[in-house]
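# Residue-level structure breakdown
One letter stands for each residue in the lines below.
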Amino acid sequence: VQPPRWPLADTWRTVSTGSGTGPRSGVLATLNLDQVRRAIATAPPVYTPVDDPTSRDLPEKDAFRVRVVVHADGDTTTPWKTAIEQRQYFSNGDPALVGGFPKYLDADGASSPAFADIDGDGVNELVIADGNGLVHAFKKDGNEAEGFPVHTNRLKLSAAQTGGHTVYGPVLLGSPTVADLDGDGWPEISVADTEGYLYVWEHDGRPRPGFPVQVNRTYSESSICQSSDPVTPGCTHPVRDHVNTVDHAFTSNPSAGNLDPGHPGLELVAGANDGHVYAWHADGTPVAGWPVLLRDPAKVASVDPVTHFITFKPGANPKYGRQELVTPTLADIDGDGVPEVIANVDEEYKEAPNASAARTPTYAALANLLGGNTRIYALHHEGTAYAASKETVPNLGDNAYLKGWPAKVAMLETELLPDVGSGSDGPPVVADIDGDGKPEIVTASIASPPYVLTPDGKSKYGNGPDGMYLTAATEQAEFKNPTATDGPSVGAVGGVAVGHIGGSPQQSIAMGAAGLKRVLDIVLPEQQLGAEDHVDAWNAQTGTFDPGFPAQMNDLQFFTTPAIADVTGDGRASVLQSSAMYDLRAYGLGGVAPLGWPKFTGGWSVQTPAVGDFDGDGKVEVALATREGNLFVWHTRGDACQTMEWPKYQHDLHNSGDFATDATPPGVLGNVSFDGSTLSFTTSGSDGPCGQATAFRVVVDGHQVSVDDVPAPSGTQQSLELGDLGHGRHSVTVQTVDDAGNASIPVSVRS
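The following paragraphs examine the structure supplied in this document. Computed from a predicted model, the values in this text were never measured in an experiment. (Residues numbered from 1 in each chain as written. Predicted model: local features only at pLDDT ≥ 70, side-chain atom pairs only at ≥ 80, totals over all residues. Heavy atoms only, no water.)

The subject of this paragraph is helix 3 (residues 361-370). Residues of helix 3 that are buried include every one of Y363, A364 and A367, and no others. Projected down its long axis, helix 3 carries its buried residues within an arc of 95°, all on one side. (Buried < 20%, exposed > 50% of the residue type's maximum accessible area, 1.4 Å probe, protein only. Helix = DSSP H or I, 4+ residues; strand = E, 2+ residues; numbered from the N terminus. Arc of directions from axis to C-beta.)

Structure below.
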């Protein structure tokens, strides 16, 4: 139960033995878990908080290991005649776990969860995709909603390659998009897979006509030069090289918004690993002016008109990358009433890092030695069809870029890690951080402090004397937590979230981070004792650390972005963050963990937790899955009708990444009946059962009728008089609408 320090040998307790020469299936042994727990509790700890190589919190303290040892020919001494299968498990109990969970997905759990009522029963389902290409909609008892799970396309692999199993296109980062694409009140569910397809299903699991859609494969594939079977030896790929690192995958899920007001419904926007951002209408047709290629025109000499292969200018110093790994953000940053698209990309250049030494001297010095810059883009909603400016490089389509963009974001080191450590691993987010009515854009690279940018791409904090952008703080001298000793603390390999932490009237920025020694662990041999992983929170207006931060984490936080929500019921939101080591943590202002936290998972997570009422009890649950495929849901004391700060990946069900977006529809009306001309029902709220909707939408016999009444507060018995409808039977459909234009799931009755 406690492996000794190397080079000492393990001590194992034999539970069962047996013999035989044929295959065995079934139970080999039964463990008494009470005895295991007692053994764990009485074993002396191998490490102390000072010298534990992972974390001062001793994350392995509840671990035990089980092995099956098989000897050939009864020979227990010859090494090559012995085979060992070993697994590690944990003994940990949490009374806050929802019954039936954790639920094993039997797949990589990289996709983040979302809570939404998709079937109209008035209670949220838990919607999540997995690495097997399945999209689930779990109900509170652990069963799936009718019509689910659904799946992506089957991969074109032979039975020999799959072992006879059916394999679908994997779904990776971000939560499925849950959005009423066509305005009928019923939500659609959308994901994108690593084979370059984007899917949409109706609320009941039926595929939506017009989908799936796919990337333009000429941007990443070649029929004459394959990197997978059949491989063409010695072939130079015509569209791919070290600085055009393209493939056909979507590695994150789409966002939804009204990108084209002239077309019915919402649009779906997704970034692909071919370096483009795509956009499709609700019927699956492409939006004019999209896709848009992302590359800094100041660096580009030419763009192939067919493949979009980039040739760089002399001295451009490009590094590995080009993929758009994360979900694009949709927010109106120019005030025209239509959202722009803001996107981070894996684009790197060896050049002077755009981070002023006036605020971050240690970081700036290291970045000047090892690093450079990535880029962030803001795109007109018209894409390349934007007519008020012209492209500066033929075929680049940079007329789609807003003036002042792309902006430079520093990186501590270029080419840190392939795929997971280049450019940026998290989406940008948008919020009005100072209350002046103008949005700001918050972002970071794979190793940088957060940047707060204005709509024209400048730093909200200004520039230092060196001309470089001022950023949020990193230096240990600015830490507000005396237990954090590894400085500077740098945002690392994940993304940012914004919200009001601890009841503060001012907004904060939260992000997974790492101390300097921990960053050096990535680039240097051996392990640096005293290295720390952090979750950081900064005052968004000033860029200074919030009280109690940096706070301690167990490990790096690849691709994770925090959630921000009240899980205690005191009205004070905490930062919720997972990592590569075993738990989900929560910290409020002061760096204090709520009672009952952290939550143990025993696995690695790359997800943003989701917060929502899963069982209709008026309190929120928190959901998170691990890469090992275990889906956890915990009860909390947080009020379901709290002001939701940042409750899930990319803030809302549309994955907009915009703090101002309200994508939660009103709750479905209950107890609806129709007698004569009287329509009666029990009201719900503007955000599910919470708040108060603003208007009714009533359709009688297929025709919308005007209703002057306004919805009563949630839970009120209310009636509408529809007047003389004439003789015969009539059908009535009723919905409520909130002030953001979201409509509730419709309820239809007949007289």
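Attention now goes to the pattern of salt bridges. If the charged atoms of two oppositely charged side chains come close together, the side chains can form a pair. All told, the structure shown has 27 salt bridges when counted by the stated rule. Across the pair D62 and R37 runs a salt bridge whose closest N-O atoms are separated by 3.0 Å. With D62 in the loop between helix 1 (33-42) and strand 1 (63-71) and R37 in helix 1, this pair connects stretches of sequence that are 25 residues apart. In this structure, R359 engages E478 in a salt bridge whose closest nitrogen and oxygen atoms are separated by 3.1 Å. In this pair, R359 is assigned in the loop between strand 19 (340-349) and helix 3 and E478 in the loop between strand 24 (451-453) and strand 25 (489-499), connecting sequence segments 119 residues apart. Residue classification places R359 among the buried positions, given a relative accessible area of 16%. The structure contains a network of salt bridges with shared partners spanning D119, D121, E125 and K139. (Salt bridge = Lys/Arg side-chain N within 4 Å of Asp/Glu carboxyl O.)

The next point concerns unusual backbone geometry. A cis amide bond, omega 0°, links G487 with the succeeding residue P488. Considering the arrangement of structural elements, one finds P488 in the loop between strand 24 and strand 25. In this model, F549 is joined to P550 through a cis peptide bond whose omega is 5°. Positive phi, normally seen in glycine, also occurs at N655, with a value near 55°. By secondary structure assignment, the location of N655 is in the loop between strand 35 (630-639) and strand 36 (670-675).

With that out of the way, let us pick up the nonpolar core. As a rule of thumb, soluble globular proteins bury nonpolar side chains together. With 36 residues, the main nonpolar core has I333, I342, I376, W405, I441 and L453 as its most contacted residues. Of all the secondary structure elements, the ones that give two or more residues to this core are helix 3, strand 20 (372-379), strand 21 (407-411), strand 24 and strand 25. Among the elements that take part in this core, strand 21 stands out by supplying four residues, more than any other. Setting aside anything within four residues of it in sequence, one finds L453 in contact with I376, W405, A407, E440, I441, T443, K458, S459, K460 and Y469. Listed in part, the 32 residues of the second largest apolar core include V429, A497, A510 and V575. (Core = buried A, V, L, I, M, F, W, Y, C linked by side-chain atoms within 4.5 Å. Contact = heavy atoms within 4.5 Å.)

Turning next to the sheet that holds strand 40 (residues 717-721). Reading across the sheet, the three strands line up as 36-37-40 and stay open at both edges, with antiparallel pairing between neighbours. Strands with a single pairing partner mark the edges of an open sheet, and in this sheet they are strand 36 and strand 40. Across the sheet, the mean angle separating the axes of adjacent strands is 15° when strand polarity is ignored. Bridge count for strand 37 (residues 678-682) against strand 40 is five bridges, and the pairing is antiparallel. When the bridges of strand 40 are listed, F681 appears paired with Q718. (Pairing = 2+ DSSP bridges. Axes fitted to C-alpha atoms, helices over the stretch in contact; angles between N-to-C directions.)

A few words now on a nonpolar patch on the surface. Together, V15, L31 and L33 line one region of the surface with nonpolar side chains, adding up to about 260 Å² of accessible area. If you trace the backbone, L31 turns up in the segment before helix 1. The class of L31 is partly exposed, set by a relative accessible area of 35%. (Patch = residues over 30% accessible without salt bridge, like charges linked within 9 Å, V, L, I, M, F, W, Y side chains within 5 Å. Areas by Shrake-Rupley, 256 points an atom, 1.4 Å probe, with all protein chains shown as cover.)

What follows covers helix 1. Those residues of helix 1 that sit buried are V36, A39 and I40. Down the axis of helix 1, the buried set is contained in an arc of 100°. They therefore lie on one face. Turned more than 90 degrees from where helix 1 packs its buried face, D34, R38, A41 and T42 sit exposed. Buried positions along helix 1 lie against strand 1. Where helix 1 begins, the side chain of N32 points an oxygen toward the backbone nitrogen of D34, at a separation of 3.0 Å. (Polar contact = N/O pair within 3.5 Å; in protein donor to acceptor, adjacent residues only side chain to side chain.)

A few words now on the packing of aromatic side chains. Scanning the model with the defined rule gives 17 aromatic pairs in all. When the centroid spacing of 6.0 Å and the interplanar angle of 65° are considered together, the rings of F101 and F614 count as edge-to-face. Here F101 is found in the loop between strand 2 (82-90) and strand 3 (103-104), whereas its partner F614 is found in the loop between strand 33 (610-612) and strand 34 (619-625), with 513 residues between them in sequence. Centre to centre, the rings of Y199 and W201 are 5.5 Å apart; their planes meet at 5°, and the pair counts as stacked. An aromatic cluster of at least three residues, connected via ring pairs, comprises F90, Y582 and F600. Between K599 and the ring centre of W597, over which it is positioned, the NZ or CZ distance is 5.4 Å. R627 extends its terminal NZ or CZ atom over the ring of W604, reaching a point 4.6 Å from the ring centre. (Phe/Tyr/Trp six-rings, centres within 6.5 Å; stacked < 30°, edge-to-face > 60°. Lys NZ or Arg CZ within 6 Å of the ring centre and 35° of its normal.)

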